[in-house]
Every structure is written in C-alpha cells, then in structure tokens.
Amino acid sequence: MSVKFDYTRLQLEEIAKRALSDAKKAGGTSAAVEVSESNGLSVGTRNREVETVEHNRDKSLAITVYKGKQRGHASTSDFSPEAVAKTVQGAYDIARFTAADEFAGLPEKHLLVDKNTAAQDLDLFHPWDLSTAQAIDLAQRAEGAMFDACKYVKNSEGANVNTSQGHFISAASNGFMGGFAYSRHSMGAMPIAQKGREMERDAWFVSHRVPQLLASPESVGAYAAHRAAARLGSRKISSRMCPVLFDAQLAAGLVGNFSQAISGSALYRKTSFLLDGLGQKVFPAYIDIVDDPFIKQGTGSSYFDDEGVATQRRTLIDHGVLTGYLLSVYTARKLEMTPTGNASGSHNLRLSSRKTKSSDDLTAMLKKLDTGLFVTELMGQGVNYVTGDYSRGVSGFWVERGEIQFPVQEITIAGNLKDMYKGIVAVGADELIRGTKQTGSILINQMTIAG
C-alpha cells in the first residue's frame, strides 16, 4: 500500500485557516480547529490462514466555536469549502443554545508554544511502505514461530500486523498553528496451549514508531507461546496476605492509575483518591515519576498539547512526593492553577526507583519477592478512583524462595492504591513501554489474595 497523503501540510493549513475565517463570519468570538488525515493497513491471520485484511484512509475536521463563554463543537470528513462552512455553522448554532461556562475559552497567548519550537522535529514519522502480502507474511511467521517454539501450542487466536501513519494541523483564533506527521506500527501473537483437556491462552505484542525497531515476528510468536505454555497446570491458592510482583506490562497499568488520579478532570470533580495530595508523600522516597514530552520517537512526544499550550518536562513524583498535576486550560481554571500542557493527558510517563540496579532483571525481582504472587494477567476493571480501592482478578505464578513453583488462576488481589504505592519495595530494570507509560516490574510489600 502507498503511504502517500492526499493533502500536503500547506493544504491542511489552508483548510484550517478557512474554517477559522468561517467561524468569525458566523459570529463566533473565537474558535479552534484540527484538520487531520491518516492511512493504514491491518492484517490478521489465524492458524496461518488469512483472516482479516483492512485498509483504512481517514480524514477529519473538528472545530470548536465559542460565542463568548458558550461553546459548540462539530466535525466532518468532507474538506470541501461548502462542507466546512456548514460544519462551522453547526458548531456555532450549538454554541448559541449551550449554557455559558465561565471557565470555557482558548488558552491565553502567553501559554502557547513558540512557533519555532513547534516546528522542531521529534522524529515521530517513520512510514512503513508495507504491502498486504508482506504484512501477511509477517503475521504468518509470528504464528509459525508460536507452533514451532512449543509442542503444547496446538491452536491460535491469531497474529496481527498493524501499520498507520498520519499528519494533522491544529489552529486557533488566538494565533496558534502547529502540527506534525506521525507513525505507529505494531505486531502481536495470541497462542493457545493445550495439555490433555486443559487449555490456556496468552498474548504478546510489540509496538514502535520505527518499523525497523520492532522485534522480529519469530521472537514475538515464540515468546507468546512460552507465556501460554507456562500457564498450563494452573492451580488455585488459599486466601492470604502476601507480597505481589506485577510484571512490567501490568506495572505500566499502575502508572496509568496514578496519571488518572492526578488528572485535572478527576481533581475538580473531586473523584480522585489523590485529591489535595499536592506536596504529600505518595510513594517511598526512592520513587520518581517523570513526564517527558521531548523523547525522540516517544509514543506521547510533542512540543504542544491538544490546545497548543507548550509542553514541559516535569517531575511529578520527586523522592516520593507529589509535586504536580496534569492540567488542561479548562481544568486549571476550575482549580485556580496554571495549565501544564497536558490537555491530552500525560506524555511519556516513566516510574523509576533510585534503588534499582542494572542487574535487577526479572530473575532478580523474583528473588526479592522470595515467597509470594507473581502476577502476569489482570482481569476486570476493579479500580475505584474516588477511594483508591483496587480489586482485580488475576493469573500468574506462585513463587517460593525466589523460584516459580506453579501457575495460579481464578484468584483475586485486593488493596488500596494509596497503600500499594507506598508499599512499593522494588522496581525492576526490566523496563517496558506500554502506550505512554514506562516502568519495570513492581514489587509491592503486601496485598490481600482471595483464593
């Protein structure tokens, strides 16, 4: 498939300018618009046979029009002047009948990213000129590796290869205009292992902005197969209190729970267990969490957020102390604080420990766990962000004297995120990036296990 775009950057800019002009003509006092275009390919195989092939080519114009403190929003996939004008008028008409909100409005100009900074390159665009046949071959190689790597893998829920690339322009009547091209690529495998009448499934995937930096399909398939086979012979365990080690993939979810709790929307609605937590010790003194939007090729990298506000590298947890929130212009106004350039959430959020050594791989982390539960899969959505209560179904492995003894399933772990964060004993050097979150495996001193 071709990775060419139908529109140039200059053409997207002209469409954005036209939309802003239409908003002013309609009677809007201010407006913000985003014009985007993307294309991609997704291929799925199952038992080495092609199951799905999807090509996508999308474009969108989304505009927000303000009439004083009233706000209206509309979107279209038609870039013709007539369609854009109609969409803008629709957004303005919605604004006319919407209740005024004293906190609504565009960012003040001094908050906007500098034009020269916005134009800098964070190396986010690496298109993959991948044909359908090549994508099918990669997926089939991943599945083949699953079957070849382990005799217990008798079936498959499939393998997939996905590639996408796009570009966008954001503009507003306050003078902001910025945008860039980006790419995202991924590959995954989902084997089913069987021994006798027992069957277990697992999955593994890799993703990157640069296709050449993806792991090989053979390594993805083989690793997924070994994960599935390792779950055969699972048992239940009795209820108890014990240490819990989250593998790096799941530990990234704990970082995600933290980012949700410090988001402006949760704070002004008073639906966060970290409400009024600023300046308080939330983690042990050796834990830091940094949000860095300037990492080259980073999943969440950008010099500006969705509102055009300049982003900044921020230490959100410094020696265990909460030092900042994730605020958009709107939520900052609600909280009487300063916007932080996080209208789109966190950027590249990394949790680390000052105690972690380069030798603290998974084997070392199991030694630190000694006797307890090693969790490799979470089920359900049992997180109460108001109270911090945490309860999830899990699968994993029971560990004694630092060695895995047997796989476990059909159990639940429970605790409270406030206690879990403070109870972090160690963070592994086996760092993994999942979405915009990065961390190694995380060992928590104690949780409740319900067998």
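Right above here is the structure, for reference.
Nothing here was measured: the structure is a model prediction, and the numbers come from that model. (Residues numbered from 1 in each chain as written. Predicted model: local features only at pLDDT ≥ 70, side-chain atom pairs only at ≥ 80, totals over all residues. Heavy atoms only, no water.)

Participant: I'd like a rundown of the overall build of the chain, residues and numbers included.
Facilitator: Each helix and strand counted, the chain has ten helices and 20 strands in total. In terms of overall size, the chain behaves like a compact globule, its C-alpha atoms giving a radius of gyration of 24 Å where 451 residues would be expected to give roughly 22 Å. Its C-alpha atoms give the chain principal-axis dimensions of about 70 × 55 × 40 Å. With 451 residues in all, the chain has 52% of them scored as buried. (Helix = DSSP H or I, 4+ residues; strand = E, 2+ residues; numbered from the N terminus. Rg over C-alpha atoms; globule rule 2.2 N^0.38 Å. Buried < 20%, exposed > 50% of the residue type's maximum accessible area, 1.4 Å probe, protein only.)

Participant: Give a detailed account of unusual backbone geometry, specifying residues and quantitative values.
Facilitator: In the Ramachandran plot, Q297 falls in the positive-phi region, its phi being about 70° despite a non-glycine side chain. Take Q297: it is sitting in the loop between β10 (287–291) and β11 (314–318). A relative accessible area of 22% places Q297 in the partly exposed class. The residue R401 is not glycine, and still its phi comes out positive at about 50°. Mapping R401 onto the fold places it in the loop between β15 (389–400) and β16 (403–416). According to the relative accessible area criterion, R401 is exposed, its value standing at 59%.

Participant: Provide a residue-level description of the sheet that holds strand β18 (residues 432–434), including the pertinent values.
Facilitator: Strand order in the open sheet made by the six strands is β12-β11-β10-β13-β19-β18, with mixed pairing throughout. At either end of the open sheet lies a strand with only one pairing partner, and these are β12 (321–322) and β18. By the bridge criterion, three bridges tie β18 to strand β19 (residues 437–439) in an arrangement that is antiparallel. Following the sheet pairing, I433 is matched in β19 by Q438. Against the sheet, helix α6 (residues 248–261) engages β10, β11, β12, β13 (349–353), β18 and β19, with an angle of about 125° to β19. (Pairing = 2+ DSSP bridges. Contact = heavy atoms within 4.5 Å. Axes fitted to C-alpha atoms, helices over the stretch in contact; angles between N-to-C directions.)

Participant: Before we move on, can you summarise helix α1 (residues 9–26) with the specific residues and values?
Facilitator: Helix length check: α1, at 18 residues, gives a terminal C-alpha distance of 26 Å against a target of 26 Å (1.5 Å per residue), a fit within 8%. Inspection of α1 places L12, E13, I15, A16, A19, L20, D22, A23 and A26 among the buried residues, and these make up the whole buried set. Along its buried surface, α1 packs onto β1 (30–46), β2 (49–67), α2 (81–96), β4 (153–172) and β5 (177–178). Of the residues flanking the end of α1, it is G27, one or two places downstream, whose phi is positive at about 115°. (Expected span 1.5 Å × (residues − 1).)

Participant: So, the pattern of salt bridges: which residues are in play, and what are the values?
Facilitator: A complete count under the given rule lists 22 salt bridges for this structure. Between R313 and D292 there is a salt bridge, with the nearest N and O atoms lying 3.4 Å from each other. Pair noted here: R313 is in the loop between β10 and β11 and D292 is in the loop between β10 and β11, with a separation of 21 residues, a long-range link. Taking relative accessible area as the criterion, R313 reaches 52% and is therefore assigned exposed. Among the ionic contacts, a cluster of salt bridges with common partners joins E200, D202, R227, R231, D247 and E377. (Salt bridge = Lys/Arg side-chain N within 4 Å of Asp/Glu carboxyl O.)

Participant: Talk me through the packing of aromatic side chains; I want residue IDs and the actual numbers.
Facilitator: Scanning the model with the defined rule gives 14 aromatic pairs in all. Taken together, the aromatic side chains of F168, F176, F180 and F304 make up a single cluster linked through ring pairs. The positively charged end of R240 is found above the aromatic ring belonging to W398, 4.6 Å away from the centroid. Sitting over the face of the ring of Y286, K355 holds its NZ or CZ atom 4.3 Å from the ring centroid. (Phe/Tyr/Trp six-rings, centres within 6.5 Å; stacked < 30°, edge-to-face > 60°. Lys NZ or Arg CZ within 6 Å of the ring centre and 35° of its normal.)

Participant: Please set out the side chain of E143 residue by residue, giving values where relevant.
Facilitator: Within the element layout of this structure, E143 appears in helix α4 (residues 132–149). Within the buried core, E143 has no salt-bridge partner, and the shortest N-O distance to an opposite charge, that of R48, equals 6.3 Å. Sequence-distant contacts of E143, defined by excluding residues within four places in its chain, comprise T45, R46, N47, R48, E49, S156, G158 and A159. (Lys, Arg positive; Asp, Glu negative; His and termini not counted.)

Participant: Go over the side chain of N257 with me, naming the residues and quoting the values.
Facilitator: Along the chain, N257 turns up in helix α6. On the basis of relative accessible area, N257 is assigned to the buried category, the value being 9%. A distance of 2.9 Å separates the side chain of N257 from the side chain of Y385, its partner in a polar contact. Not counting the four nearest positions on each side in its chain, N257 is found in contact with V383, Y385, Y390, L417 and Y421. (Polar contact = N/O pair within 3.5 Å; in protein donor to acceptor, adjacent residues only side chain to side chain.)

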